[in-house]
Amino acid sequence: MSQRSLPPQGARPLRQRQSAWLWDECESRQLLSVTINNVTMIEPASGTANAVFTVSRDQTHLKESATVDFATQDATAKAGKDYQEVHGTLTFAPGETSKEIAVPIIGGLAREPHDMFTVNLTNPVNETLNPSLRVGIATILPTPWLSIGDVSVIEGDSGTTNAVFKVTLDPSNPDQIVSVPYSTVDGTAKAGSDYQATSGTLTFAPGETSKTITVPINHGTSVEPVESFFVDLKTPQNAIVRDGRGTGTITNNTKAGTVQFQAPAYRADAQAGTATITVTRAEGTASGVGINYATQGGSAVAGTDYTPVSGTLTFAAGQTSQTISVPVLANPKRTSDQTVNLVLSNPTGGGTLGSTRQTTLTITAPIPSTPTPSTPTPTPSTPTPTPSTPTPTPSTPTPTPSTPTPGAPEPAGSITNDSPVVTNTDDHGPGSLRQAILDANANPGLDTIRFALPGEGPQSIRLTSALPPITDPVIIDGTTQHGYQKSPLIELTGIDAGSQANGLTLNAGGSTIRGLAINGFEGSGILIQGAGGNRVAGNVIGTSLDGESAKGNGLAGISIVQSSNNVIGGSASTAGNLVSGNSGSGIVLSGTSTKQNLVQGNHIGTDIDGDDPLGNQLDGIVLDNAPENRIGGVEPGQGNLISGNQLTGLRILGSGATGNLIQGNEIGTDRTGTRAIGNRFDGIFNSGAPGNTIGGPTANAGNLISGNGGVGVQFHSQGASGNQLQGNLIGTDATGTLPIGNAHGGVFLNHARNNIVGGTSKDARNVISGNPLVGVQLAGRSAAGNVVQGNLIGTDIQGAPRLGNTVGLFLGGTTGNTIGGPGSAANLVAGNVRADIATKPIPVSRSTGVDRPQAHATGPSITAVTKNVNGSELTSLVVKFSEPVNRSRAEDIGNYRLRLPGRGNNFSAADAIAVPVRSASYDSSTTSVTLTLATPLRSGGPVQFRVSGQPGRGVADLAGHSLVGVGQQAGTDYVTILRLTS
């Protein structure tokens, strides 16, 4: 198709027609008599709701009766699944000007940007049809989802502290009010004593996307374990609850504290009669905290030099010190100083032992030349110990610079003979990691925790409770374990660590976590909160030690909350982290104080080699109201690989998420940039976040955003304004010469305004090509003020028109945008399959004629299905594809279905039996997938075998073209009947 361009500024604008899909522009024709309108509606939450079309007559033939036939036709929406097929004949009485056609829309959970079908008018009698308006287009918008987040709260010192739960509506409902009742529910925390019961109803006005629920948390006076309660969302109106339970976690602020001797050594003269030893408690005020003590060992002789003592000290509320009295005996035969040790043990009431758990009492020998005075002047019975509260390093350490230098040398730490060393895999006790963290916390200044576990090969530390938070700067260095060579040998696993336990919690700032595998915790793998300047490098988080299988943490792999100047990864070859397989998102940065962090050189959602998917169950990276962070970079090794995740690659949320820089990343491909490992939905999804830069107008700033199941980049809602999308490859491979399309299009400005896509310099232009649907799409009345200039749309990086999108540029009824311009501002829109530039919809037709070519002109097909039988049992199937396909789609067992028939030999009968598939393994060398059944199948009858070709989710080729199935139609399921013989 020849290249087109828009008319210059000031020329008569193209006439635009509002729609959500693309249809052919028609020639100018005489306006005739019968027309049908378009309909847009939100899919009902359940049941059905009617999409009502109005068919109108003009005044030409009102004196006569007239008839016209009508029938629905599939586009992306499918009859029986998305809507109920209707057909019939409308009869107009003389003088009657309009009739209605009601099409029931089936409720469910459509998560595509929209689904479409048409109502076609044919066979008029006593009337004529307007050729351009004889097709009514129905656009089904997805049902909004309601979700509630979790909250962690530390009890206040008095009164109440608020737990604020965020409830989000995604997407917003532009036309209807959404309401949802809510109420609190007890867990281990109880209403009245721990928190105040709360209930009510949230109401979202049209366009609103978030609300909050506030639950007051009561202050407690005794030490309690971490407790939880819930806020449940009930049945909503005009929405569906996706995640209806938020968990409130209450951490007790009444701490038992750390108990230890005030000093490591004391001295006493025998004439003193009694030595007084002080035991202190720090960082705790709770009552009922106990500690055992006893004299033990030493050179002094019990009964001759001192009287042995033992017992229990119990601290009252607010009490910070107690004393132990040791009777010292006069021994005239003592000719030298003698020692006795005192030992603390078995803390109770939640208390912990500090590092000075043993002290030495030296009993001095009498001086022969000095007679004993009648009233001796002894060494004070309460000697002057080291200060009870040592002078700490500053509570807020000096952070790293606002833009840290990745790969810069790291502080060495205080590696001395007294530095903590982990010598066993025990949960607690001497030599354990837990004790090493306690010792480092108690020693002000930067410490290094080293590993010296006996034996060779990997070692697993299986924790039975959460590790203590890091409250003083520390380096935990797994690379110090003998035999370490670029991959971790030390595994921290939290399978038994308890509810909401995090792997490591960094509160102090200035700390480094290096060379560990962290998996199986119910909370996050690493939680960084408060003080910043931390570094996380060379770890595998959410996978096995070898980085090849998922052992996910329950929440995020790495969560950064209200903390700045942290570095996750780096540009050095050993600095990047593998963050995959987690039940939540990979890396989450949340809060308006979470700024100036670097996330660089990591693999997020893939295996260790970046060759296969090992996705996080939510998003790859989330920027939740977090500003001024950098994801990737322009230097070698700084870009992240963000692929294979179950939702989006990168989600940017909220008005606070501004000033972020996204550069040099691969989003949706493998590490080579030549094969799709798509994120299941959009590559980058910006929901209401302003002023961010994706790519940039300089060399190497652009991202590769290809192979994703949704849109490459979507700016959603009016809040997503002032963003820049420049210098990216969207829908191609890393060379810009081969297609790796995003299944639902390249760039979607969805009600977004005042954004820049491309630019007038060579480095600012985007290549937006090879996408199965639209290259650049604008939709929604509020999508105005956007500038789309200088891009290559449908061509390769050299401008050759050979990587066409189905449609290059679709304006979707929008106005007030700047598309192209003179000279270098012009977009090169060429080589697209159906149209280069469209302002009216182009239907997806089932016709095979040359006048209406298929919207998905190409796609993989299934050429053979081979049964593997063990004796009389079917154990697996081998499905052969006509060309290479997307591995993540091919290995998604949800894309395959086997069924045994029910009554009447009917595969759709209620008693039909589904046969589950246990695993799917794709072999790229043979372009085939082997499906292993969960249970071997023994049957002489038929088995229905179905392979999904659903766009965006089903099997697709490396460019994103959907499977060619029933009727040789792209985007349809492949269905066949297999017969098994015994």
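Higher on the page you've got the structure.
An account of the accompanying structure is given in this report. (Residues numbered from 1 in each chain as written. Predicted model: local features only at pLDDT ≥ 70, side-chain atom pairs only at ≥ 80, totals over all residues. Heavy atoms only, no water.)

## Looking at the overall build of the protein chain
Link 1 in the chain: Helices and strands together make up the secondary structure of the protein chain, namely two helices and 73 strands.
Link 2 in the chain: Expressed as a percentage of its 982 residues, the buried residues of the protein chain come to 52%.
Link 3 in the chain: Excluding contacts between residues fewer than 6 apart, the proportion of contacts in the protein chain whose partners are at least 24 apart in sequence is 76%.
Link 4 in the chain: Summed over all atoms, the accessible surface of the protein chain reaches about 39,500 Å², with 50% contributed by carbon and sulfur. (Helix = DSSP H or I, 4+ residues; strand = E, 2+ residues; numbered from the N terminus. Buried < 20%, exposed > 50% of the residue type's maximum accessible area, 1.4 Å probe, protein only. Contact = heavy atoms within 4.5 Å. Areas by Shrake-Rupley, 256 points an atom, 1.4 Å probe, with all protein chains shown as cover.)

## With respect to the pairing of strand E10 (residues 151–154)
Link 1 in the chain: Only one face of E10 is covered, namely the one carrying Val151 and Val153; the face carrying Ser152 and Ile154 has none of its residues buried.
Link 2 in the chain: With four bridges joining them, E10 and strand E17 (residues 245–251) adopt parallel strand pairing. For valine 151, the partnering residue across the bridge sits in E17 and is glycine 248. (Pairing = 2+ DSSP bridges.)

## A word on the nonpolar core
Link 1 in the chain: Judged by nonpolar contacts, the single largest core of 70 residues is most densely connected at Ile476 and Leu504.
Link 2 in the chain: In terms of residue count, helix H1 (residues 433–442) provides more of this core than any other element does, four residues in total.
Link 3 in the chain: If sequence neighbours within four positions are ignored, leucine 504 has contacts with Ile437, Leu467, Ile476, Leu492, Ile513, Leu516, Ile518, Gly525, Ile526 and Leu527. (Core = buried A, V, L, I, M, F, W, Y, C linked by side-chain atoms within 4.5 Å.)

## Concerning the environment of glycine 455
Link 1 in the chain: Mapping glycine 455 onto the fold places it in the loop between strand E28 (447–451) and strand E29 (459–462).
Link 2 in the chain: When the C-alpha positions of glycine 455 and histidine 482 are compared, they lie 8.7 Å apart, and in sequence the two are 27 residues distant.

## Section: the sheet that holds strand E7 (residues 115–125)
Link 1 in the chain: If you trace the five strands from one edge of the open sheet to the other, you get E2-E8-E7-E4-E5, paired in mixed fashion. Edge strands, defined here as strands with exactly one partner in the open sheet, are strand E2 (39–42) and strand E5 (87–92). Adjacent strand axes in the sheet meet at a mean angle of 25°, parallel and antiparallel pairs treated alike. (Axes fitted to C-alpha atoms, helices over the stretch in contact; angles between N-to-C directions.)

## Some points on the pattern of salt bridges
Link 1 in the chain: Enumeration according to the criterion identifies 18 salt bridges in this entry.
Link 2 in the chain: Notably, a salt bridge pairs aspartate 624 with lysine 166, separated by 3.9 Å at the nearest N-O pair. In this pair, aspartate 624 is assigned in strand E44 (residues 621–624) and lysine 166 in strand E11 (residues 160–170), connecting sequence segments 458 residues apart.
Link 3 in the chain: Lysine 166 sits in the partly exposed class, given a relative accessible area of 34%.
Link 4 in the chain: Arginine 267 is the partner of aspartate 337 in a salt bridge, and the nearest nitrogen-oxygen pair spans 3.2 Å. Here the residue aspartate 337 occupies a position in the loop between strand E23 (321–327) and strand E24 (338–348), and arginine 267 occupies one in strand E19 (residues 265–269), the gap between them amounting to 70 residues.
Link 5 in the chain: Here aspartate 337 falls in the partly exposed class, since its relative accessible area comes to 37%.
Link 6 in the chain: Salt bridges sharing common partners tie together Asp612, Arg887 and Glu891. (Salt bridge = Lys/Arg side-chain N within 4 Å of Asp/Glu carboxyl O.)

## Remarks on the sheet that holds strand E21 (residues 289–296)
Strands pair in a sheet through their backbones, by hydrogen bonds, and they do so in one of two ways: parallel or antiparallel.
Link 1 in the chain: Pairing is mixed across the open sheet formed by five strands, whose spatial order is E19-E26-E24-E21-E22. Bordering the open sheet on either side are E19 and strand E22 (310–315), each of which pairs with just one other strand. This sheet shows a mean twist of 25° between the axes of neighbouring strands, independent of strand direction.

## Points about the environment of glutamine 435
Link 1 in the chain: Looking at the element boundaries, glutamine 435 is found in helix H1.
Link 2 in the chain: Sequence separation between glutamine 435 and serine 355 is 80 residues; the distance between their C-alpha atoms is 9.1 Å.
Link 3 in the chain: For glutamine 435, the contacting residues outside a window of four places in its chain are Arg357, Gly429 and Pro430.

## Some details on the packing of aromatic side chains
Working definition: an aromatic ring pair is given by the centre-to-centre distance plus the angle between the planes.
Link 1 in the chain: Tallied over the entire structure, the rule returns four aromatic pairs.
Link 2 in the chain: Measuring from ring centre to ring centre gives 4.0 Å for tyrosine 83 and phenylalanine 117, while their planes differ by 15°; the resulting arrangement is stacked. Within this pair, whereas tyrosine 83 is found in the loop between strand E4 (66–74) and E5, its partner phenylalanine 117 is found in strand E7, the two being separated by 34 residues in sequence.
Link 3 in the chain: Note on tyrosine 83: relative accessible area 1%, which makes it buried.
Link 4 in the chain: On the basis of relative accessibility, which here comes to 0%, the residue phenylalanine 117 falls in the buried class.
Link 5 in the chain: One aromatic cluster is present, built from ring pairs that chain together Phe53, Tyr83 and Phe117. (Phe/Tyr/Trp six-rings, centres within 6.5 Å; stacked < 30°, edge-to-face > 60°.)

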